[in-house]
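Secondary and tertiary structure notes
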Amino acid sequence: KAGVTQTPRYLIKTRGQQVTLSCSPISGHRSVSWYQQTPGQGLQFLFEYFSETQRNKGNFPGRFSGRQFSNSRSEMNVSTLELGDSALYLCASSLGTTVGPGELFFGEGSRLTVL
Amino acid sequence: SQQGEEDPQALSIQEGENATMNCSYKTSINNLQWYRQNSGRGLVHLILIRSNEREKHSGRLRVTLDTSKKSSSLLITASRAADTASYFCATDANGVGGSSNTGKLIFGQGTTLQVKP
């Protein structure tokens, strides 16, 4: 069974631009979560989608948005990029049907550098 | 604020020795998980322990959970150079009954483990 696939793996943008990151979950997984990882703040939850609906949202500004498609693939978008948005963005998938968090399966991440 | 806080932040040991990492959290939980991350890569799930369990084993890993102290420990026995990585504990966000938070974990800052050959 293929794992979680994130694209692109690396990208460089300049301040003010926008970026879209893509995540393909494990087949059969309906929940996709996104996390931002930085040296200073660690791993922080961005949002979770389940069956095309945002089910949970972290404490990030509205510049961060996401969506999920009917095939469970998900995208996240960051608009008006700031230097502080430089981070490793991790996508994780799970069945999403357990009470309380079950095991999350992570992709390798998309490393965004904002210049 | 972080739900899980880990101790120590960094640990350096020789191959063959045991490594112990500790995690403390603040609120009630459904379960606690441990993940490993090799440098700059994605996280890999190691083990999940439920709030009604006290100890769990998986291969060379042993996890304990003390809900009265809101703490957990991860023990890696007979460490290998390949165990060199960062280790994170993670808990659910809303505690018992938070059925909608299946994808939301709160991670500690992690312990960086170096195993010297």
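Our structure is the block above this text.
Residues numbered from 1 in each chain as written. Chains lettered and ligands numbered in written order. Predicted model: local features only at pLDDT ≥ 70, side-chain atom pairs only at ≥ 80, totals over all residues. Heavy atoms only, no water.

Below, the discussion takes up the overall build of chain B. From N to C terminus, chain B includes zero helices and 11 strands. Starting at the N terminus, the α and β elements of chain B follow one another as β-β-β-β-β-β-β-β-β-β-β. Taken across its 117 residues, chain B has 49% of its residues classed as buried. Counting only contacts in chain B whose residues sit at least 6 apart along the sequence, the fraction spanning at least 24 positions is 58%. Put simply, chain B shows about 5300 Å² of open surface, and 44% of that area lies on carbon and sulfur atoms. (Helix = DSSP H or I, 4+ residues; strand = E, 2+ residues; numbered from the N terminus. Buried < 20%, exposed > 50% of the residue type's maximum accessible area, 1.4 Å probe, protein only. Contact = heavy atoms within 4.5 Å. Areas by Shrake-Rupley, 256 points an atom, 1.4 Å probe, with all protein chains shown as cover.)

A full pass over the atoms with the stated rule returns eight salt bridges over all chains. The residue Arg 73 of chain A makes a salt bridge to Glu 75 of chain A at a minimum N-O spacing of 3.3 Å. A relative accessible area of 16% means that Glu 75 of chain A is categorised as buried. Here Asp 83 of chain B ties to Arg 60 of chain B by a salt bridge, and the two come within 2.9 Å at their closest N and O atoms. Taken together, the positions of Asp 83 of chain B in the loop between strand E8 (71–76) and strand E9 (85–92) and Arg 60 of chain B in the loop between strand E6 (55–58) and strand E7 (61–66) put the pair 23 residues apart, joining distant regions of the chain. Here Arg 60 of chain B falls in the partly exposed class, since its relative accessible area comes to 23%. A cluster of three or more residues bridged by salt bridges with shared partners is formed by Arg 63, Glu 82 and Asp 85 of chain A. (Salt bridge = Lys/Arg side-chain N within 4 Å of Asp/Glu carboxyl O.)

Pairing between sheet strands relies on hydrogen bonds along the backbone, with the strands arranged either parallel or antiparallel. Residue and element names in this part refer to chain A. Here we have four strands laid out as an open sheet, ordered E1-E3-E8-E7, and antiparallel in their pairing. A strand with exactly one partner marks an edge of an open sheet, and here the two such strands are strand E1 (5–7) and strand E7 (64–68). On average, adjacent strands in this sheet sit at an angle of 15° to one another, irrespective of strand direction. Bridge count between strand E3 (residues 19–24) and strand E8 (residues 74–78): five bridges; the pairing is antiparallel. Of the residues in E8, the one forming a bridge with Cys 23 is Ser 74. (Pairing = 2+ DSSP bridges. Axes fitted to C-alpha atoms, helices over the stretch in contact; angles between N-to-C directions.)

With that out of the way, let us pick up the side chain of Asn 30 of chain B. Residue and element names in this part refer to chain B. If you trace the backbone, Asn 30 turns up in the loop between strand E3 (19–24) and strand E4 (31–37). The exposure class of Asn 30 is buried, given its relative accessible area of 14%. A polar contact is formed between the side chain of Asn 30 and the side chain of Asp 92, at a distance of 2.8 Å. (Polar contact = N/O pair within 3.5 Å; in protein donor to acceptor, adjacent residues only side chain to side chain.)

A complete count under the given rule lists nine aromatic pairs over all chains for this structure. On the numbers, 5.6 Å between centres and 70° between planes, the contact of Tyr 35 of chain A with Phe 45 of chain A is edge-to-face. You can see Tyr 35 of chain A sitting in strand E4 (residues 31–38) and its partner Phe 45 of chain A sitting in strand E5 (residues 42–50), a full 10 residues away along the chain. Centroid distance Tyr 35 of chain A to Phe 107 of chain B: 5.5 Å. Interplanar angle 90°. Geometry classified as edge-to-face. With Tyr 35 of chain A in strand E4 and Phe 107 of chain B in strand E10 (residues 105–107), this residue pair bridges two chains. The two residues Tyr 35 of chain A and Phe 107 of chain B agree in class, both being buried. An aromatic cluster of at least three residues, connected via ring pairs, comprises Tyr 35, Phe 45 and Phe 106 of chain A together with Tyr 35, Phe 88 and Phe 107 of chain B. When the ring centre of Phe 50 of chain A is taken as origin, the NZ or CZ atom of Arg 55 of chain A, which lies over that ring, is 4.2 Å away. (Phe/Tyr/Trp six-rings, centres within 6.5 Å; stacked < 30°, edge-to-face > 60°. Lys NZ or Arg CZ within 6 Å of the ring centre and 35° of its normal.)

Okay, the state of the cysteines next. All names here are of chain A. Enumeration according to the criterion identifies two disulfides over all chains in this entry. Across a sulfur-sulfur distance of 1.7 Å, Cys 23 and Cys 91 are joined as a disulfide pair. Sign of the S-S torsion, about -55° for the bond between Cys 23 and Cys 91, identifies this disulfide as left-handed. Taken together, the residues Cys 23 in strand E3 and Cys 91 in strand E9 (residues 87–94) connect sequence positions 68 residues apart. When its relative accessible area of 0% is taken as the criterion, Cys 91 is described as buried. (Disulfide = S-S within 2.5 Å.)

The values are spatial; any link to function lies outside them.
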